[in-house]
Amino acid sequence: MASRKSVSRLDDHVGYWLRFVSNHVSHAFMQKVETQGVTVAEWVLLRELYEMPGISPSQLAETLGMTRGTVSKLVERLCQKELVERTAAGDDRRRQTVAVTAAGGKLVPVLARLADENDREFFGHLSPEESAALVGQLRDIVRRHGWKDLPVD
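Because the structure is a prediction, the values reported are computed rather than measured.

K.L.:
Could you give an account of the packing of helix α2 (residues 40–51) against helix α3 (residues 57–64), naming the residues involved and the relevant values?
P.N.:
Viewed as axis vectors pointing N to C, α2 and α3 meet at an angle of 110°, and their least axial separation amounts to 11 Å. In this view, α2 runs roughly perpendicular relative to α3, as classed from their interaxial angle. The crossing of α2 and α3 is right-handed. Along the contact surface, α2 presents Val44, Leu45, Glu48 and Leu49, while α3 presents Leu60, Thr63 and Leu64. Partitioned by chemical class, the residues of the contact of α2 with α3 number 5 nonpolar, 1 polar and 1 charged.

K.L.:
Before we move on, could you go through the nonpolar core and cite the residues and values that matter?
P.N.:
One finds Leu45, Leu46, Leu49, Val84 and Leu111 to be the most contacted residues of the largest nonpolar core, which totals 28 residues. For this core, the secondary structure elements donating two or more residues are α1 (14–34), α2, α3, α4 (68–80), β2 (92–100) and α5 (102–123). Sorting elements by how many residues they give to this core places α2 first, with 7 residues. In this structure, leucine 45 is in contact with Leu60, Leu64, Val71, Leu74, Val75 and Leu78, ignoring residues within four places of it in sequence.

Procedures and definitions
Residues numbered from 1 in each chain as written. Predicted model: local features only at pLDDT ≥ 70, side-chain atom pairs only at ≥ 80, totals over all residues. Heavy atoms only, no water. Axes fitted to C-alpha atoms, helices over the stretch in contact; angles between N-to-C directions. Helix = DSSP H or I, 4+ residues; strand = E, 2+ residues; numbered from the N terminus. Parallel < 35°, antiparallel > 145°, perpendicular 65-115°, else oblique. Left-handed = near helix turned anticlockwise from the far one by under 90°. Contact = heavy atoms within 4.5 Å. Nonpolar A, V, L, I, M, F, W, Y, C, P; charged D, E, K, R; others polar. Core = buried A, V, L, I, M, F, W, Y, C linked by side-chain atoms within 4.5 Å. Buried < 20%, exposed > 50% of the residue type's maximum accessible area, 1.4 Å probe, protein only.

What follows is the structure, encoded as C-alpha cells:
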C-alpha cells in the first residue's frame, strides 16, 4: 500500500476559522433581523438609504457593489413592505430616486441595535484594542484584494 503524503487538516487554515466564525455570526444576525420582517440584504440597503436619501438605484448599486437587477429587486420588496419609496426624478419618469419612508426610518435604528447586539454577543469579550486589531487586519485583507462589494448573504 502506497504511503499517503501529508495533507493539511481543515482547521489548519485561517479561512476555515474565518468561515466558521462568519457562519455563526451571520446566521445569528439573520435570525435577529428576520424577526423585524426584513432580510440581511434588505437591512444593508435600508442602512445605506438611511444615510443617502434620494439616491438613484444605479448609484445605490454602485455604492453597495450589487448589480442593478439585485438592487431593483430589493427596492421592490422594500416598497411592498412600505419601508422604501420610489420617486420620479424631474420630468423624466425613467429616472427615479429611492428613499426610506417614515416606517423605514423608524426601523433602521431598531435593526442597528440588533447589529450592535450581535457584535457584542460574539465579540464583546475582546478588549477595544483586540477588536480594533482584528478589524484592522480584516480591513487590510479587503484592501489588499481590492474588494468593494458589501457582504449581504
